[in-house]
Amino acid sequence: MKKIRLQVNGTWRSGWAAPGQTLLEFLRTELDCTEVKHGCGKGDCGACTVILNGMAVDSCLVLSLQVDGSAVVTAKGLGTKENPHPLQKAFIETGAFQCGFCTPGMILSAKALLDTNPQPTKAEIRRGLSGNLCRCTGYRKIEEAVTAAVDYSSKNHGSTEDSTH
Amino acid sequence: MKYIGKRVPEIHGWAKVTGQATFTDDLRLPGMLHAKILRSPHAHARIRGIDVSKVLQLPGVVTVMTGKDTPGIKYVAQVSDMYPLAMDKVRYVGDPVAVVAAESEEIAREALSLIEVDYEVLPAVFDPREALKQGAPQIHEDKANNLVLTIKRDFGNVDQGFAESDFVFEDEFSTQAVPHCNMEPRSSAALMNTEGVLQIWSGTQSPYFVRKEVAHVCNLPISHVQVMEIHCGGGFGSRSKYCEDEGVTALLAIRTGSPVRITFSREEEMTTTRIRHPFNIHLKTGVKKDGTFVARQMDLIVDKGAYCHYGPAVTGYAAGTAASHYRVPHFRFTGDVVYTNKQAGGPFRGFGAPQAIFAIESQMDTIAEKLGIDPLELRLRNANQSGDTTACGWQITTCGLEECLQKVVSSTNWQEKWKAEKTGRFRQGIGLATAIHVSGSNVFPDGEFSSIEIKMFLDGQVSVYKGSGDTGTWANTVIAQIVAEELQLPMEKVRLISMDTETTPQSLGSFASRVAFEDGNAARMAAIQLRNYLLESASARLQVPGEELQIEQGQIVYQEDAEKRISYGDAVFHSPRCVGHLLNSFYQYVPNTVRLTPQGYANVSAAYAFSAQAAEVEVDTETGQVRVLRFTVAQDVGKAINPIAVEGQIEGALAQGMGYALTEELIVDPETGRVVSDCLDRVMLPTVMDIPQEQIFLVETCDPEGPYGAKGVGEIGLNPTAAAIANAVHNAVGYRAHKLPIEAEDVYYFLHPEKR
């Protein structure tokens, strides 16, 4: 066991990391970041996606002991209800979720894509979301939402970057 | 209308986009224990003994429980045959044998390895046709030849019908097992409170059934079980009645006195929860020369797996679909529901209809080809019409099938594509299929009812209490829209509380495409009643006739003199019906339907929905691979209360239907009975990369019984999809799929028989 520090959505947090423990388990059990969802534990579904030092990763495939001192962004760290992140606004307006279990991971994969490629093509959006499974929506509205978020961002002359990252 | 028919955003949207929607595994209760289930490694074995003595020595373990430590009561289900924990026998790889509750999940998992079970391994049987044979291993002591029961239907005179037919077609079809693959793995948490009430959290479609089953297996009075409100990460039928972890969690909570949770691993979710039943289908159809259907007979062998759950209802619904899908005067059906040593089937979106429709719609194209009739024409000739009563007694009040078919055909340029010459390596084809589906179904002894209660506060805002669950279908949003419409309140002033069995009134649950229709009707009537209370109070207060008052955005206004007005809150306060500063309204909706009889003739639903779909595919003749290029759907939704929600149901159903047709399969090792495709990657769910172009038309027939004309929309979108794809593949390359999924290998060998 080792005490590690993580900057989660801009705030430094600490907790006990154990050998073999994944970042997903650490976030959920040590830090109670339950907005990071456990869908499969083996990198198939993408529900546990977080942005780790600027990259979208399946947090179930990263060991907690590897990431001491890192910055993590979760779905809770993007925007506020009054001032939502363009992706959050677009997902709500488009209706790009049903049960909402895959949604945090889906939004974070999309954010990581838009952070590096603010004007993605349709094919690039698809590739960016291809690691995230959804059983409810059939994906169509999710694609539409990401496209809409790109539009919002370009209209606002802003980026989809959030303040914590 | 202000909210009905509008693209209103989902009311739980902010919680969902931030991950703050609380699912069962997200709950944090003080002192919560974590439990893991020990499951059978054998497909069929007798338990000679279980030694748990080493388990309690492991630090952190709180308790271990086997079947002997439970009241030994089986779940009710339809045929009561399963204990929460095995008593003396295991019947499939994954059958729960023991459970350990510990301070952490890791400790509980480690403790399982310390349990020693002495099994006497028995011969097992995995094919239902083998299971029916004399001398096959007997899985349940009371069921000879493993036959759970046979569902029979016989309407009209089928033998005479076949005799009068010009042609009789007979085909065999088979369909595969598919796991629901809900993104949230099963999880349930329970707590015995100090009042002796067992509180249970379980992402469910039907808290009503969960409470009933948990009270039963725990031997508790039903009044002492409370199902708590919690988000559910996808239902699709798998959570429509009860899940077998709920009883185990509840028993552990009673035993330990602590809150306990069981969360399944993905492998457990895939290999031990209820799945779509595999069907073997024999379909015989008699037709006149002009293509008119005269008689149909369907004979099924339903692979039930190890336990019955709701298999008979699924089989019965396949019969209802087969009897009602197109006009057919004479109809006969037998459905043998057969135990095998495998994971058990249960409800899955469509409830037996996708299997039946795959057979019927595939054979339909064979009939058309043989008779030289255009497949569209054959469908139109036999299509149901408004006012029809089907062979099994379904009374169709409004039917948009013909309009749906025409819409699909005209917007796909169907005739031209159908007849186009197919050449080259990549060949395109187009296929049609249709479906019929209920809006709620009166089949269970529990009854058929939905209730809504609305409370208006002194601030003029309302809380709406809804007994059924919302698994992500936007059911809560739709109910909130209805209340907002009738009370002319902004959406943000309508709060939804759903599925808490102590605080919400009873509803059967969100399954059988029921909620928008039945809970919708209850919500509308409860809201109208509340509005009348407000008008009655305002009329007395303002001293003007009630009929000359108008309600608008929180105010009740006298039409003649707008100065004369009163806020909702004041109307609540001054109402003689106001109790404790609240104005209450309750309505229970019971549809005018008939409970299904053993003979199977009954009008089980108050409205029937219809759908027509065209699939366009491209087949690679060098690999046999099938790719869907485009779906065109026209669906008779009655009225789309929320078009986003309705489109979402259809788009999601199409993806599931495409997976069902082409890739998804729960593969079982025929020697050991172990599930091979035990993870999402191996079941091959569609990803965003696989989604074709889609065009969706909502046909609004405005059913007189539906709220604002609405019908059920949750399931029907999946029912015809596999058949449409199969017909498109046949159109492209001539391969007629008799089994699902349609595998590249089979298409390839059909095209290259010399390579086999």
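Focus on the overall build of chain B
Item 1. The number of helices and strands found in chain B is 19 helices and 28 strands.
Item 2. Against the globule reference of 27 Å for 756 residues, chain B gives a C-alpha radius of gyration of 27 Å, in line with a compact fold.
Item 3. For chain B, the C-alpha atoms occupy an extent of roughly 90 × 70 × 50 Å along the three principal directions.
Item 4. Counting across all 756 residues of chain B, residues that qualify as buried make up 67%.
Item 5. In the form shown here, chain B has an accessible surface area of approximately 25,000 Å², with 48% of it arising from carbon and sulfur atoms.
Item 6. Put simply, chain B has 70 plus and 93 minus side-chain charges, and the middle of one group is 2 Å from the middle of the other.

Observations regarding the environment of Ala313 of chain B
Residues and elements named next belong to chain B.
Item 1. The residue Ala313 is located in helix α8 (residues 311-324) in this model.
Item 2. Separated by 184 residues in the primary sequence, Ala313 and Ile497 have C-alpha atoms spaced 30 Å apart.
Item 3. Sequence-distant contacts of Ala313, that is, excluding residues within four places in its chain, are made with Gln78, Phe351 and Phe444.

Points about the domain arrangement of chain A
Interfaces are often sized by the amount of accessible area the parts lose when they come together.
Residue and element names in this part refer to chain A.
Item 1. Under the domain assignment used here, chain A contains domain 1 (2-76) and domain 2 (86-155).
Item 2. Inter-centroid distance (C-alpha atoms) of domain 1 to domain 2 is 21 Å.
Item 3. Buried area between domain 1 and domain 2, both sides added, is near 1,100 Å², and the carbon and sulfur share of it is 66%.
Item 4. It is Thr49, Ile51 and Ala75 that lose the most area in domain 1 upon contact with domain 2, and together they represent 37% of the buried surface on that side.
Item 5. Counting every contact that joins domain 1 to domain 2 gives zero salt bridges.

Re the sheet that holds strand β22 (residues 549-552) of chain B
By way of backbone hydrogen bonds, the strands of a sheet pair with one another, either parallel or antiparallel.
All names here are of chain B.
Item 1. In spatial order, the strands read β22-β23-β24; together these three strands make up an open sheet with antiparallel pairing. At either end of the open sheet lies a strand with only one pairing partner, and these are β22 and β24 (565-567). Geometrically, the sheet is characterised by an average inter-axis angle of 20° between neighbouring strands, direction not taken into account.
Item 2. Pairing geometry for strand β23 (residues 555-558) and β24, over three bridges, is antiparallel. In the sheet register, Gln555 faces β24, and the bridge partner there is Ser567.

Description of empty space enclosed by the protein
Residue and element names in this part refer to chain B.
Item 1. Inspection of the entire model under this criterion finds six cavities of 30 Å³ or more.
Item 2. The space that makes up the largest cavity amounts to roughly 160 Å³.
Item 3. Along the wall of the largest cavity there are 19 residues; nearest its centre are Glu244, Asp245, Phe264, Thr272 and Thr273.
Item 4. In terms of residue count, helix α6 (residues 244-256) provides more of the lining of the largest cavity than any other element does, three residues in total.
Item 5. Considered class by class, the residues forming the lining of the largest cavity number eight nonpolar, four polar and seven charged.

Some details on the packing of aromatic side chains
Residues and elements named next belong to chain B.
Item 1. Following the criterion strictly, the structure yields 23 aromatic pairs over all chains and no others.
Item 2. Pairing Tyr92 with Tyr307 gives two aromatic rings, centres 6.3 Å apart and planes at 75°, and the pair type is edge-to-face. Of this pair, Tyr92 sits in the loop between β4 (89-90) and β5 (96-102) while Tyr307 is found in the loop between β16 (293-305) and α8, placing the two residues 215 residues apart along the sequence.
Item 3. Arranged with centres 5.6 Å apart and planes meeting at 70°, the rings of Tyr748 and Tyr749 form a pair that is edge-to-face.
Item 4. Accessibility expressed as a relative area gives 19% for Tyr748, which makes it buried.
Item 5. Residue classification places Tyr749 among the partly exposed residues on the basis of a relative accessible area of 23%.
Item 6. One aromatic cluster in this structure is built from Tyr208, Phe209, Tyr310, Phe444, Phe449 and Phe511.

Points about the interface of chain B and chain A
Item 1. With 53 residues of chain B in contact, the opposing surface of chain A contributes 48 residues.
Item 2. Together, Trp14, Met183 and Val688 of chain B form the three largest contributors to the area buried by chain B at its contact with chain A, with a combined 19%.
Item 3. Run the count over chain B and chain A and you get 10 salt bridges.
Item 4. Arg28 of chain A serves as the salt-bridge partner of Asp25 of chain B, at 2.9 Å between the closest nitrogen and oxygen.
Item 5. Counting every contact that joins chain B to chain A gives 25 residue pairs in polar contact (both at pLDDT 80 or more).
Item 6. Looking at the side of chain B that touches chain A, the elements that each hand over two or more residues are α1 (13-17), β9 (178-179), α7 (266-272), α16 (643-662), α17 (680-683) and β28 (693-699) of chain B.

Concerning the pattern of salt bridges
When their charged atoms lie close together, side chains carrying opposite charge are able to pair.
Item 1. One pass over the full model with this rule turns up 57 salt bridges over all chains.
Item 2. Among the salt bridges present, the one from Lys42 of chain A reaches Glu267 of chain B, with a minimum N-O distance of 3.1 Å. Taken together, the residues Lys42 of chain A in the loop between α1 (23-30) and β3 (49-52) and Glu267 of chain B in helix α7 connect one chain to another.
Item 3. For Lys42 of chain A, a relative accessible area of 37% corresponds to the partly exposed category.
Item 4. Look at Glu267 of chain B and you get partly exposed, because its relative accessible area is 24%.
Item 5. Note that Lys417 of chain B and Glu616 of chain B form a salt bridge whose closest N and O atoms lie 2.9 Å from each other. In this pair, Lys417 of chain B sits in helix α12 (residues 414-419) while Glu616 of chain B sits in strand β26 (residues 608-620), placing the two residues 199 residues apart along the sequence.
Item 6. By relative accessible area, which is 32% here, Lys417 of chain B ends up partly exposed.

Section: the side chain of Asn719 of chain B
Residue and element names in this part refer to chain B.
Item 1. Turning to its location among the elements, Asn719 is positioned in the loop between β28 and α18 (721-733).
Item 2. The buried category is assigned to Asn719, whose relative accessible area is 1%.
Item 3. Setting aside chain neighbours within four positions, we find Asn719 in contact with Gly350, Ala353, Pro354, Ile357, Ala435, Ile436 and His437.

Here's the deal with the confidence of the model for chain A
Item 1. Residues with a pLDDT of 70 or more make up 95% of chain A, whose mean pLDDT is 94.
Item 2. In this model, residues 158-165 of chain A is a region of pLDDT below 50 whose contacts with residues beyond four sequence positions or in other chains number 23 contacts.

Points about the sheet that holds β4 of chain B
Item 1. Spatially, β4-β2-β6 (chain B) is the arrangement adopted by the three strands of the open sheet, whose pairing is antiparallel. The sheet is open, and its two borders are formed by β4 and β6 (116-121) of chain B, each paired with just one other strand.

Comments concerning the domain arrangement of chain B
All names here are of chain B.
Item 1. Here the domain parsing of chain B yields domain 1 (15-122 + 186-263), domain 2 (367-442 + 601-755) and domain 3 (449-589).
Item 2. Between domain 1 and domain 3, the C-alpha centre-to-centre distance is 38 Å.
Item 3. Both faces combined, the contact of domain 1 with domain 3 buries some 1,500 Å², and carbon together with sulfur accounts for 51% of it.
Item 4. At the surface where domain 1 touches domain 3, the tally comes to zero salt bridges.
Item 5. Applying the counting rule to domain 1 against domain 3 returns eight residue pairs in polar contact (both at pLDDT 80 or more).
Item 6. Sorting the residues of the side of domain 1 that touches domain 3 by element identifies α5 (207-218) and β12 (225-228) as the ones contributing at least two each.
Item 7. Classifying every residue of the side of domain 1 that touches domain 3 gives eight nonpolar, nine polar and four charged.

Focus on helix α4 (residues 122-129) of chain A
For an α-helix, the turn length of 3.6 residues means that residues three or four places apart are oriented alike.
Item 1. Of all the positions in α4 of chain A, only Ile125, Arg126 and Leu129 of chain A are classed as buried. End-on, the buried residues of α4 of chain A take up no more than an arc of 100°, which puts them together on one face.

Quick word on the nonpolar core
If you look at soluble globular proteins, the nonpolar side chains tend to sit buried side by side.
Item 1. Of all hydrophobic cores here, the largest spans 189 residues; its most connected members are Phe91 of chain A together with Ile725 and Ile742 of chain B.
Item 2. Looking at which element gives the most residues to this core, the answer is helix α9 (residues 353-371) of chain B, with 10 residues.
Item 3. The contact partners of Phe91 of chain A, leaving out residues within four places of it in the chain, are Ala96, Phe97, Thr103, Met106, Ile107, Ile142, Ala145 and Val146 of chain A together with Val17 of chain B.

Regarding the packing of helix α2 (residues 86-94) of chain A against helix α5 (residues 140-155) of chain A
Residues and elements named next belong to chain A.
Item 1. Running from N to C, α2 and α5 point in directions that differ by 135°, and their axes come no closer than 8 Å. Accordingly, the angle class assigned to the pair α2 and α5 is oblique. Our pair here, α2 against α5, has a crossing hand that is right-handed. Contacts between α2 and α5 involve Pro86, Leu87, Lys89, Ala90, Phe91, Glu93 and Thr94 from the former and Lys141, Ile142, Glu144, Ala145, Val146, Ala148, Ala149, Tyr152 and Ser153 from the latter.
Item 2. Of the residues contributing to the contact of α2 with α5, the split by class is 10 nonpolar, two polar and four charged.

Section: the pairing of β16 of chain B
Residues and elements named next belong to chain B.
Item 1. Across the 13 residues that make up β16, a large majority, 12, are buried.
Item 2. As paired strands, strand β15 (residues 279-287) and β16 are joined by nine bridges and run antiparallel to one another. Within β16, the residue paired with Phe279 across the bridge is Val302.
Item 3. In sequence, β15 turns back onto β16 through a hairpin of five residues, with Gly291 there showing a positive phi of about 95°.
Item 4. Sheet topology places β16 next to strand β17 (residues 330-339); 10 bridges connect them, and they run parallel. Along β17, the bridge assignment pairs Ala295 with His330.

Conventions and cut-offs
Residues numbered from 1 in each chain as written. Chains lettered and ligands numbered in written order. Predicted model: local features only at pLDDT ≥ 70, side-chain atom pairs only at ≥ 80, totals over all residues. Heavy atoms only, no water. Helix = DSSP H or I, 4+ residues; strand = E, 2+ residues; numbered from the N terminus. Rg over C-alpha atoms; globule rule 2.2 N^0.38 Å. Buried < 20%, exposed > 50% of the residue type's maximum accessible area, 1.4 Å probe, protein only. Areas by Shrake-Rupley, 256 points an atom, 1.4 Å probe, with all protein chains shown as cover. Lys, Arg positive; Asp, Glu negative; His and termini not counted. Charge placed at Lys NZ, Arg CZ, Asp CG, Glu CD. Contact = heavy atoms within 4.5 Å. Domains from an automatic or database assignment. Buried area = accessible area lost by both parts, 1.4 Å probe. Salt bridge = Lys/Arg side-chain N within 4 Å of Asp/Glu carboxyl O. Pairing = 2+ DSSP bridges. Axes fitted to C-alpha atoms, helices over the stretch in contact; angles between N-to-C directions. 1 Å grid on protein atoms, 1.4 Å probe; cavity = no way out; pocket = protein on both sides within 12 Å on 5 of 7 lines; lining within 4 Å. Points joined across faces, edges and corners; volume = space filled by probe spheres on them. Nonpolar A, V, L, I, M, F, W, Y, C, P; charged D, E, K, R; others polar. Phe/Tyr/Trp six-rings, centres within 6.5 Å; stacked < 30°, edge-to-face > 60°. Polar contact = N/O pair within 3.5 Å; in protein donor to acceptor, adjacent residues only side chain to side chain. pLDDT = per-residue confidence, 0-100. Arc of directions from axis to C-beta. Core = buried A, V, L, I, M, F, W, Y, C linked by side-chain atoms within 4.5 Å. Parallel < 35°, antiparallel > 145°, perpendicular 65-115°, else oblique. Left-handed = near helix turned anticlockwise from the far one by under 90°.

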